[in-house]
Amino acid sequence: MNAETPVVADGLQPTAMDYAVYHDPAIFAAEQENIFRGQTWSYLGLEAEIPNSGDFRATHVGQTPVVLVRAQDGQIYAWVNRCAHKGATVCRSLRGNQADGAFVCVYHQWAYDASGMLVGVPFRRGLKGVGGYTSDFDPAEHSLERLRVESFRGMVFGTFSSTVAPLEEFLGPVMCKYIARVFQRPVKVLGYARQYMSGNWKLYSENSRDSYHGGLLHLFYPTFGIYRQSQESAGQLSEEGFHNVFTVAKPKGDIDYGSFGNEANRQMQGTAKLQDERLLHFLPEIDDDVGLHIQSIFPSVVVQQIQNTLATRQIVTHATDKTELVWTYFGYADDDEETTRHRLRNLNLVGPSGLISMEDGEAVELCQQGTVGAEGKRSFVEMGGDDVRQYYAPMGMDENSVRGFWKGYLSLMGNALAGGIAGGRA
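Residues numbered from 1 in each chain as written. Predicted model: local features only at pLDDT ≥ 70, side-chain atom pairs only at ≥ 80, totals over all residues. Heavy atoms only, no water.

### Quick look at the sheet that holds strand S17 (residues 322-332)
Formally: DSSP-based pairing: two strands are paired if at least 2 bridges between them are found. Going along the chain from the N terminus, every DSSP run of H or I of four or more residues is numbered as a helix, and every run of E of two or more is numbered as a strand. Residue contacts follow a heavy-atom distance rule, with two residues in contact if any of their heavy atoms lie within 4.5 Å. With axes taken as lines fitted to C-alpha atoms, and helix axes fitted only over the stretch in contact, angles between N-to-C directions fall between 0 and 180 degrees.
Pairing in this open sheet of 8 strands is antiparallel, and the strands run S11-S17-S16-S15-S14-S13-S12-S18 from one edge to the other. Each end of this open sheet is capped by a strand with a single partner; those strands are strand S11 (187-197) and strand S18 (391-392). Bridge analysis of strand S14 (residues 290-297) against strand S15 (residues 301-306) gives 6 bridges, and the strand direction is antiparallel. Looking at S15, one finds that Ile294 is bridged to Gln304. Sheet strands touched by helix H3 (residues 201-209): S11, strand S13 (244-249), S14, S15, strand S16 (309-319) and S17. Its angle to S16, the strand with the most contacts, is close to 155 degrees. Contacting strand S12 (233-237), S13 and S18, helix H9 (residues 400-413) runs over the sheet at an angle of about 10 degrees to S12.

### Quick look at the sheet that holds strand S10 (residues 155-159)
Spatially, the 3 strands line up as an open sheet ordered S1-S10-S9, and their pairing is antiparallel. Because the sheet does not close on itself, it has two edges, and the strands there are strand S1 (42-46) and strand S9 (148-152). The average undirected angle you get between the axes of adjacent strands in this sheet is 30 degrees. Here 5 bridges tie S9 to S10, and the two strands are oriented antiparallel to one another. The partner of Glu150 across the bridge, within S10, is Phe157.

### Some words on the nonpolar core
What tends to happen in soluble globular proteins is that the nonpolar side chains get buried as a cluster. As a reminder, the rule being used: In this text, buried Ala, Val, Leu, Ile, Met, Phe, Trp, Tyr and Cys residues form a nonpolar core when linked through side-chain atoms within 4.5 Å. Exposure is judged per residue with a 1.4 Å probe applied to protein chains only, and the accessible area is read against the type maximum: over 50% gives exposed, under 20% gives buried, and values in between give partly exposed.
Membership of the largest hydrophobic core comes to 63 residues, with the highest contact counts inside it found for Ile35, Trp201, Phe220, Trp406, Tyr409 and Leu417. The element best represented in this core is H9, accounting for 7 residues. With near-sequence residues (within four places) excluded, Trp406 lies in contact with Pro14, Met17, Val21, Tyr22, Lys202 and Glu206. Judged by nonpolar contacts, the second largest core, of 26 residues, contains Trp41, Ile179, Val182 and Phe183.

### Quick look at the pattern of salt bridges
As a reminder, the rule being used: Within this document, salt bridges are pairs made up of a side-chain nitrogen of Lys or Arg and a carboxyl oxygen of Asp or Glu, the two lying within 4 Å of each other.
Using the criterion set out here, one finds 16 salt bridges in the structure. Where Arg403 meets Asp398, a salt bridge forms, and the shortest distance between an N and an O atom there is 3.4 Å. Comparing Arg403 with Asp398 shows no difference in burial state: the two are buried. A single network of salt bridges, built from pairs that share partners, joins Arg185, Glu285, Asp334, Asp335 and Arg343.

### Quick word on the side chain of Asp55
Our working definition: Neither His nor the chain ends contribute to the count of charged residues, in which Lys and Arg are positive and Asp and Glu negative. In protein, a polar contact means a hydrogen-donor-capable atom and an acceptor-capable atom, both N or O and within 3.5 Å, with residues adjacent in sequence counting only if both atoms are side-chain atoms; elsewhere, any N or O pair within 3.5 Å suffices.
Structurally, the position occupied by Asp55 is in strand S2 (residues 55-61). For the buried Asp55, no salt bridge is present, and the opposite-charge side chain at shortest range is Arg70, 6.1 Å distant. Only 2.7 Å separates the side chain of Asp55 from the backbone nitrogen of Asn52, close enough to count as a polar contact. In this structure the side chain of Asp55 is engaged in a polar contact, spanning 2.7 Å, whose partner is the side chain of Asn97. Apart from the residues within four sequence positions on either side, Asp55 is in contact with Ile50, Leu68, Val69, Arg70, Gly96 and Asn97.

### Some points on unusual backbone geometry
Residue Pro299 is bonded to the preceding Phe298 through a cis peptide linkage, with omega at 5 degrees. For Pro299, the position within the fold is in the loop between S14 and S15. Although it is not a glycine, Gln109 adopts a positive phi angle of roughly 65 degrees. Residue classification places Gln109 among the partly exposed residues on the basis of a relative accessible area of 41%. Look at Lys128: it is not a glycine, yet its phi comes out positive at around 55 degrees. Among the secondary structure elements, Lys128 is positioned in the loop between strand S8 (118-120) and S9. Look at Lys128 and you get exposed, because its relative accessible area is 82%.

### Overview of the state of the cysteines
In plain terms, the rule: Cysteine sulfur atoms are paired as a disulfide whenever they fall within 2.5 Å.
Under the definition given, this model contains 0 disulfides. Note on Cys83: no disulfide assigned, nearest cysteine sulfur contributed by Cys105 at a separation of 4.0 Å. We classify Cys83 as buried; its relative accessible area is 5%.

### With respect to the packing of aromatic side chains
Spelled out, the test is: Stacked, tilted and edge-to-face pairs are distinguished by plane angle, under 30 degrees for stacked and over 60 for edge-to-face with tilted covering the rest, among Phe, Tyr and Trp rings (Trp via its six-membered ring) whose centres lie within 6.5 Å.
As enumerated under the stated definition, the model contains 18 aromatic pairs in all. When the centroid spacing of 5.0 Å and the interplanar angle of 70 degrees are considered together, the rings of Phe405 and Trp406 count as edge-to-face. Per residue, the accessibility class of Phe405 equals that of Trp406, and both read buried. Taking 6.1 Å as the distance between ring centres and 25 degrees as the angle between the ring planes, the aromatic pair formed by Phe405 and Tyr409 counts as stacked.

### Comments concerning the environment of Asn207
Relative to the elements of secondary structure, Asn207 occurs in helix H3. A relative accessible area of 10% places Asn207 in the buried class. Between the C-alpha atom of Asn207 and that of Ala363, which follows or precedes it by 156 residues, the distance is 8.4 Å. Ignoring any residue separated from it by four or fewer positions in sequence, one finds Asn207 in contact with His213 and Asp360.

### A few points about helix H8 (residues 358-370)
Put simply, the rule is: For a helix, the expected span equals 1.5 Å multiplied by the residue count minus one.
Between its first and last C-alpha atoms H8 spans 19 Å; for 13 residues at 1.5 Å apiece the expected length is 18 Å, and the two agree. Where H8 is buried, its residues meet S11, H3 and helix H4 (214-217).

### Side note on the confidence of the model for the protein
Convention followed: Per residue, pLDDT measures the predictor's confidence, with a range of 0 to 100.
Within the protein, residue pLDDT values average 89, and 88% of them lie at 70 or more. Segment residues 1-8: pLDDT under 50, and 18 contacts once partners within four positions in sequence are set aside and those in other chains are kept.

Okay, here's the thing in structure tokens:
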């Protein structure tokens, strides 16, 4: 184990996590405070989702409801979707446009502008000298809780922290380079999907960083020649371990489905033939040979390019065993009609019921179910070693990036885990 690898909570370490981390409510509550309201930047959405003044999108930071808004002056704001009066939800739509810039709580009609400032209170002075608020009532002291907001290449992030490093520093040069690879030019949103999993958010975070399962669980990959372990691939990890990226080179020459199947431990049963093979057609559009790019940004988003599908996957943490995944599909703003049709066809590969990705949600739920009552027992994450390396290859033979996730997680959680872990062993 590297000397810099954090070890907390009675020897807990990135290679062996106590299963209590998936089930304990106290740990979940500590994550909301130490991670999602702590020294991190959480993904909120795309600038392309709110292109016009008054456009808004409901989103989350951890389990906290947040609204992302573009104001009349073009500035982007994010505020907690919780009225300062009684705590009611202010904005009740997933997305839309508030042309007059006013967001009004339906309960008592307190009104806020796009920046979250309180701008209207019914009967503030009472009526005919009766009731109302005192003369020292200051609307500025009762505005919505606002987040710091920064963007990089059209991806918008927010934080509750006043001390966390600027966004680009938090992401680091390697992650910025790969975000810039996908967001190489302006994008347009093609659609959304929402996926609900009865599992802990960290199980999905591990899954997106776990290349070990790629060609084993997802049989569509080797059967139809998108990915096999022998393809040229690489992984890179941020220095702190928080973020990682996988890239896989597109297959060389003509694709022989049979040779891909020979590398799989299991194969699809029955006839493995697509009725429309245009689904698999890959149109190279970035100046490299990468056909698959999966980038996990701690704590709450995955950026993907699989063939010609482009998407973000936002992780929303509703409860210890309730996680929502919000898929935002996009293309480039200058795509012609034929390219857009191909992207939409290509989207059959991904999403909650995608031919490639449908098994991930099931894997999360299986792990959640299997670890019930297993507090005090630990996972075994030593494929490819027991250290955390910044560069590694090939994919499918290593759990380095999963260990990296836990390294970053432990550095933020520290002794906040101790109570939950000890309680699980009581």
